[in-house]
Amino acid sequence: TTVVATAYLGPEADSAAFDSDRPTTIMIRNLPRKFAAWDLVAELELYLRRVAFDFVYVPWDRTNTNNMGYAFVNFVDAADAADACAAM
């Protein structure tokens, strides 16, 4: 699984603001196509026991009944997001 840390700070954000604000949302790519959101939550809870997340989004392709191969996970704290990236 490939993990990419992403953040959106708004249109007025500059590079100095990005350096001071660490992202809390990560994008997980290359998910198995049959993974549902609850499967990803179970995996995150299994491997990241001390890390708190509050939002998981797995886009679903309804025509093929598969996910799109990626997901977004928002963590409560930027340190938790960094720990998740390091663990994956």
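Higher on the page you've got the structure.
Every value quoted in this text rests on a predicted model; they were computed, and no experiment measured them.

**Comments concerning the overall build of the protein**
At step 1: From N to C terminus, the protein includes 3 helices and 6 strands.
At step 2: In sequence order, the protein lays out its α and β elements as β-α-β-α-β-β-β-β-α.
At step 3: Put simply, the protein has 88 residues, and 27% of those count as buried.
At step 4: Sequence separation of at least 24 residues holds for 57% of the intrachain contacts in the protein that already meet a minimum separation of 6.
At step 5: If you sum the accessible surface of the protein, you get close to 5900 Å²; carbon and sulfur atoms cover 53% of it.

**So, unusual backbone geometry**
At step 1: Of note, the phi angle at Asn-30 is positive, near 65°, even though the residue is not glycine.
At step 2: Structurally, Asn-30 can be placed in the loop between β2 (25–29) and α2 (37–47).

**A short note on the side chain of Asn-67**
At step 1: Mapping Asn-67 onto the fold places it in strand β5 (residues 66–67).
At step 2: For Asn-67, a relative accessible area of 0% translates into the label buried.
At step 3: Among the polar contacts made by the side chain of Asn-67, one reaches the main-chain amide nitrogen of Gly-69 at a distance of 2.6 Å.
At step 4: With near-sequence residues (within four places) excluded, Asn-67 lies in contact with Leu-31, Pro-32, Arg-33, Lys-34, Phe-35, Val-58, Pro-59, Trp-60 and Asp-61.

**Overview of the side chain of Asn-74**
At step 1: On the secondary structure map, Asn-74 appears in strand β6 (residues 70–75).
At step 2: At 3.0 Å, the side chain of Asn-74 forms a polar contact with the side chain of Thr-24.
At step 3: Of the polar contacts made by the side chain of Asn-74, one reaches the side chain of Asp-54; its length is 2.9 Å.
At step 4: Each residue touching Asn-74, except ones within four places of it in the same chain, is listed here: Thr-24, Thr-25, Phe-53, Asp-54 and Phe-55.

**Concerning the packing of aromatic side chains**
When we look at a pair of aromatic rings, we describe it by the centre distance and by the angle of the planes.
At step 1: According to the stated counting rule, one finds 2 aromatic pairs in the structure shown.
At step 2: Centroid distance Phe-53 to Phe-75: 6.3 Å. Interplanar angle 75°. Geometry classified as edge-to-face. Placement of Phe-53 in strand β3 (residues 53–57) and of Phe-75 in strand β6 is noted, with a sequence separation of 22 residues between them.
At step 3: Given a relative accessible area of 1%, Phe-75 falls into the buried group.
At step 4: Plain terms: the ring middles of Tyr-70 and Phe-72 are 5.9 Å apart, the flat faces sit at 80° to each other, and that makes the pair edge-to-face.

Scoring rules and cut-offs
- Residues numbered from 1 in each chain as written.
- Predicted model: local features only at pLDDT ≥ 70, side-chain atom pairs only at ≥ 80, totals over all residues.
- Heavy atoms only, no water.
- Helix = DSSP H or I, 4+ residues; strand = E, 2+ residues; numbered from the N terminus.
- Buried < 20%, exposed > 50% of the residue type's maximum accessible area, 1.4 Å probe, protein only.
- Contact = heavy atoms within 4.5 Å.
- Areas by Shrake-Rupley, 256 points an atom, 1.4 Å probe, with all protein chains shown as cover.
- Polar contact = N/O pair within 3.5 Å; in protein donor to acceptor, adjacent residues only side chain to side chain.
- Phe/Tyr/Trp six-rings, centres within 6.5 Å; stacked < 30°, edge-to-face > 60°.

Note that every value here comes from positions in space, so none of it alone points to a role or purpose.
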